Amino acid sequence: MTPTSPESPASPTRFTGPAGGRSANPRPRTRRLTTAQALVAFLACQYTERDGRRHRLINATWGIFGHGNVAGIGQALVEAGNGVGDGHGKSNGDVRGNGDGYRAAPRMPYLQGRNEQAMVHAAVGYARQSGRLSAHAVTTSIGPGATNLVTGAALATINHLPVLLLPGDTFATRPADPVLQQLEVPYAGDVSVNDCLRPVSRYFDRVTRPEALVPAVLQAMRVLADPAETGAVTLALPQDVQAEAYDWPEEFFAERVWPVRRPAPDAAELEAAVRAVRSARRPLIVAGGGVRHSGAEETLAAFTAATRIPVASTQAGKGSLRHDHPADIGGIGHTGTATAGELARTADLVIGVGTRYTDFTTASGTLFENPAVRFLNLNITGFDAHKLAALPLVADARTGLEALTSALAGRGYRVDPAYETEYTSAKEVWEERVEASFATPDPTARPTQTQVLGLLDTLVTEEDILINAAGSLPGDLHKLWRTRSRDQYHVEYGYSCMGYEIPAAIGVLLATEARTRPRPVWALVGDGTYLMNPTEIVTAVQESLPLKLVILQNHGYASIGGLSEAVGAERFGTAYRHRDPDGGFTGPPLPVDLAANAASLGLHVLRAATVDDLRKALAEARDAEGPTCVYVETETPDTVSGPPPAQAWWDVPVAETAGRPAAVEAREKYERQVAARRRHL
């Protein structure tokens, strides 16, 4: 079942009172439904609204069914009209509709997943592509189905992306105790495995009575639609309560619109921000994911046009400006560009816009070296706005930037032309390093990972979307990728979760209306990531979604292998090779054929052995109308040009005592680096 467009919601159900006028004592209008049926009907009538545009809030439900949700949510989704009928909800009261006392409820599309974690990843990809204005629900059975949600929930909450989780739970009435898959806790009778979801949810409730659904689900919608609070929301649903009937007031099913606020900055905070900017000689903007969530890209461009302040970006913020914008200096931090790194080291004012300042961004507290550096943080959450002892500007990113631009307009602020020349010249030098990394002098050679990115770079337009999350690819992409549109760069690096890419690509394809307005969506994965979670390939095939999967086979965990070597762990346990006689893993590569595996799951697979093969395969995949895989075994960059090294430090502690020389040497380097770390107070 194809979800409706998030910007084209189905018409809400309208109910009328009895014909012939009102009774002096009208009966309360109710509808008798199970708790699960009522929940699905309620969700179908919820909308968000921002800037005058309305979006359906919960646009589809993913589900894998077991005894904990099949008779509840599963049956309710059948009632909602998923290919087996019109989905009528009987009413207990004088409700007139289509002449027989009831009428069809709005449709709730169902999407079939293969792995519960992957379903959450798909929902997160959908929410991000939808600008957090539309989301998906995910339902599971009790037990392992529910606990499989935890990783996806953590990813959603860390990245501030909305997803509604509906795990089944054990019986509220406890007629049989324990039931299949129930966790028994000797010290508490009201704990289930679903309590694992509490710390990774922005809102959690267990609905132990039908009538308790009303306040629980209203709170859930509030959190999902709140740009400062949003993340994973969990409603644990005991399996008996799901199937229990109740007389629900018709008002519960009325159309509700949840405004997505754009809070403006406080006047005093704005004035302090203006003074800070005007006094800065070497200011630097750090653009985070909040720029994208707010849709503030054009506003940021207008601010930089007025002030000429350079813009570096986090992983989530990359694309805030196009790569060829004069003020864009690329990624910042451990995986950033040399241009951004050098400017960060000398900046006297760092203006964070919608960023959480993770350790990759700050180089574990070593990047902003200027003794006089101060921070100004524009963020919709006060929690993030106050980080690094900053001047806070608590506001929506777009609203805040508009206010800051307006306040500065009449005061004649612009950076010194020499500073502008400095960063634009440095950017040109970095572009030469990008070109060297992308170069493919020998078309008959096996490509390196950066050459794969270079070949994609020559092929894509602003319509293409690249999805990645873990391994060495995020570092290469952050340093090298030339982002052409606000939503082209989709790298999940808040949780950096292996296995995110394929299901997230499905969510993105659903959000971009792939069947009617196809956009090329690329999921880039290494072999380690692919082996973590390839199952949603089957979903892409089932839904005929034109997924473009690129598998880079390098026989192991390349990123962690490099890190392991740097910290003295000698690449232990990071290669996919046969065990050698001494007990290590230095034998021949494992004879794993991931291309054959992808083909067995239904993908059309294109194998590429050389640079020239890869160029042709990528072009064919881009034009393909169905799900397609490009498989390439990459060359290590030891003998050919690879990516530039890390431009800033990242703190991974090294063993303080060790007997092996590699660890001893690594510790000496670590102590020199950690000495440069500082707290900004």
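Before any of the text, the structure's been laid out above.
Residues numbered from 1 in each chain as written. Predicted model: local features only at pLDDT ≥ 70, side-chain atom pairs only at ≥ 80, totals over all residues. Heavy atoms only, no water.

I would appreciate a short explanation of helix 8 (residues 267-279) in the present structure.
Because an α-helix packs 3.6 residues into every turn, residues spaced three or four apart end up facing the same way. Taking 1.5 Å of rise per residue, 13 residues should cover 18 Å, and helix 8 covers 19 Å from first to last C-alpha, within 8% of that figure. Where helix 8 is concerned, the buried positions are Leu-270, Ala-272, Ala-273, Val-274, Ala-276 and Val-277. Residues of helix 8 that are buried sit in contact with strand 15 (349-353), strand 16 (374-379), strand 17 (391-394) and helix 14 (397-409). The N-capping residue of helix 8, defined by a side-chain oxygen 2.9 Å from the backbone nitrogen of Ala-268, is Asp-266. (Helix = DSSP H or I, 4+ residues; strand = E, 2+ residues; numbered from the N terminus. Expected span 1.5 Å × (residues − 1). Buried < 20%, exposed > 50% of the residue type's maximum accessible area, 1.4 Å probe, protein only. Contact = heavy atoms within 4.5 Å. Polar contact = N/O pair within 3.5 Å; in protein donor to acceptor, adjacent residues only side chain to side chain.)

What exactly am I supposed to notice about the packing of helix 11 (residues 338-346) against helix 15 (residues 417-438) here?
In a packed pair of helices, the relevant descriptors are the angle between the two axes and the axis-to-axis distance. At a minimum axis distance of 8 Å, the contact between helix 11 and helix 15 shows a crossing angle of 145°. Within the contact between the two elements, helix 11 uses Ala-338, Thr-339 and Leu-343 and helix 15 uses Tyr-419, Glu-422, Tyr-423, Ala-426, Lys-427, Trp-430 and Arg-433. Among the residues making up the contact of helix 11 with helix 15, the classes are represented as six nonpolar, one polar and three charged. (Axes fitted to C-alpha atoms, helices over the stretch in contact; angles between N-to-C directions. Nonpolar A, V, L, I, M, F, W, Y, C, P; charged D, E, K, R; others polar.)

What's the story with the state of the cysteines in this structure? I'm lost.
Cysteine pairs can be covalently joined through their sulfur atoms, and such a bond is termed a disulfide. Within the structure shown, the criterion is met by zero disulfides. Free of any disulfide, Cys-497 has its nearest neighbouring cysteine sulfur in Cys-196, separated by 16 Å. (Disulfide = S-S within 2.5 Å.)

Looking at this structure, how should I read the side chain of Gln-553?
The topology assignment puts Gln-553 in strand 21 (residues 547-553). Polar side-chain contacts of Gln-553 include one of 2.9 Å to the backbone nitrogen of His-555. With residues near it in sequence (within four places) discarded, Gln-553 still touches Asp-527, Val-592, Leu-594, Tyr-631, Val-632, Glu-633 and Thr-634.

Please explain the nonpolar core as it appears in this structure.
Side chains of a nonpolar character, in soluble globular proteins, are inclined to be buried together. Ranked by internal contacts, the top residues of the largest apolar core, which has 53 residues, are Trp-62, Val-138, Leu-165, Tyr-530, Leu-549 and Ile-551. In this structure Ile-551 touches Val-525, Tyr-530, Leu-594, Ala-598, Cys-629, Val-630, Tyr-631 and Val-632, once residues within four positions along its chain are discounted. Listed in part, the 50 residues of the second largest apolar core include Ala-273, Ala-296, Val-311 and Ile-332. (Core = buried A, V, L, I, M, F, W, Y, C linked by side-chain atoms within 4.5 Å.)

Is there a simple way to think about the pairing of strand 23 (residues 628-633) in this case?
Among the six residues that make up strand 23, five are buried, leaving the element largely enclosed by the rest of the structure. Pairing of strand 22 (residues 604-608) with strand 23 involves five bridges; the strand directions are parallel. Following the sheet pairing, Ala-608 is matched in strand 23 by Val-632. Read as a crossover between parallel neighbours, the route from strand 22 over helix 23 (residues 611-623) to strand 23 is right-handed. (Pairing = 2+ DSSP bridges. Right-handed = clockwise from strand over helix to strand, strands pointing away.)

So what exactly am I meant to see when it comes to the sheet that holds strand 19 (residues 489-491) here?
Strands belonging to one sheet form pairs held by backbone hydrogen bonds; the direction of such a pair is parallel or antiparallel. Taken in spatial order, the six strands make up an open sheet running 19-18-20-21-23-22, and their pairing is parallel. Each of the sheet's edge strands pairs with one partner strand only, and the pair in question is strand 19 and strand 22. The sheet shows a mean angle of 20° between the axes of neighbouring strands, taken without regard to direction. Taken strand by strand, helix 17 (residues 473-480) contacts strand 18 (465-468), strand 19, strand 20 (521-526) and strand 21, and its axis lies near 150° from that of strand 19.

Is there a simple way to think about the pattern of salt bridges in this case?
Here the idea is simple: oppositely charged side chains can pair when their charged atoms come close. Evaluation of the coordinates by the stated rule reveals 42 salt bridges. With a shortest N-O distance of 3.7 Å, Glu-49 and Arg-54 are connected by a salt bridge. Overall, Arg-54 belongs to the partly exposed group, its relative accessible area being 33%. Here Arg-482 makes a salt bridge to Asp-457, at a shortest N to O gap of 2.9 Å. Taken together, the residues Arg-482 in the loop between helix 17 and strand 19 and Asp-457 in helix 16 (residues 449-459) connect sequence positions 25 residues apart. For the pair Arg-482 and Asp-457, one class covers both residues: buried. Each of the salt bridges in this network shares a partner with another, and the network as a whole consists of Arg-50, Asp-51, Arg-262, Asp-396, Arg-398 and Glu-402. (Salt bridge = Lys/Arg side-chain N within 4 Å of Asp/Glu carboxyl O.)

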